[in-house]
Amino acid sequence: MTRASCLAAAALALVAARADAAIIDWQAELQRCRELRASVAPLLQAGEGISAVGRSNRSVRRCIWIQRIAVRKKIPGAEIW
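The structure contained in this document is the topic of the report that follows. (Residues numbered from 1 in each chain as written. Predicted model: local features only at pLDDT ≥ 70, side-chain atom pairs only at ≥ 80, totals over all residues. Heavy atoms only, no water.)

**Notes on unusual backbone geometry**
What is expected of a backbone is that most residues other than glycine have negative phi and most peptide bonds are trans. Look at K74: it is not a glycine, yet its phi comes out positive at around 60 degrees. Within the secondary structure layout, K74 lies in the segment after α4 (58–72). (Helix = DSSP H or I, 4+ residues; strand = E, 2+ residues; numbered from the N terminus.)

**Some words on the nonpolar core**
Ranked by size, the top nonpolar core spans 12 residues in total: W26, L30, C33, L36, V40, V60, C63, I64, I66, I69, A70 and I75. Of all the elements, α4 adds the most residues to this core, at six residues. (Core = buried A, V, L, I, M, F, W, Y, C linked by side-chain atoms within 4.5 Å. Buried < 20%, exposed > 50% of the residue type's maximum accessible area, 1.4 Å probe, protein only.)

**Brief notes about the pattern of salt bridges**
Counted under the stated rule, the structure contains two salt bridges. Ionic pairing is found between R32 and E29, a salt bridge with its closest N-O pair at 2.9 Å. Here the residue R32 and the residue E29 both occupy positions in helix α2 (residues 26–45), the gap between them amounting to three residues, near one helical turn. Residue R32 is classed as partly exposed on the basis of its relative accessible area of 30%. The salt bridge involving R62 is made with E29; its shortest N-O contact spans 3.2 Å. One end of the pair, R62, is in helix α4; the other, E29, is in helix α2, with 33 residues separating them in the sequence. We classify E29 as buried; its relative accessible area is 16%. Each of E29, R32 and R62 takes part in a single network of salt bridges with overlapping partners. (Salt bridge = Lys/Arg side-chain N within 4 Å of Asp/Glu carboxyl O.)

**A short note on α4**
Along its 15 residues, α4 runs 21 Å from first to last C-alpha, staying within 8% of the 21 Å computed at 1.5 Å per residue. Buried within α4 are the following residues: V60, C63, I64, I66, Q67, I69 and A70. K74 lies just past α4 and shows a positive phi near 60 degrees. (Expected span 1.5 Å × (residues − 1).)

**Topic: the environment of R68**
Within the fold, R68 resides in helix α4. In this structure the C-alpha to C-alpha distance between R68 and I80, which are 12 residues apart in sequence, comes to 6.7 Å.

Set out below in structure tokens:
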């Protein structure tokens, strides 16, 4: 019986830790993405597609994902790339 309760407590701790890790500071992420977008803009203006830039940079891919989710959740300040 105690073994099962210890296992349940461990599982609950893991779920709680994962829930804390999933919280996103939307405004900070959107600001970081705006700054990244400004730095990537010259590449885009030079003719590189966003998908080519995104494949080469993990931060760009994360920002595209953040923007997509923020637009879907209607977070203020979200814009489509």
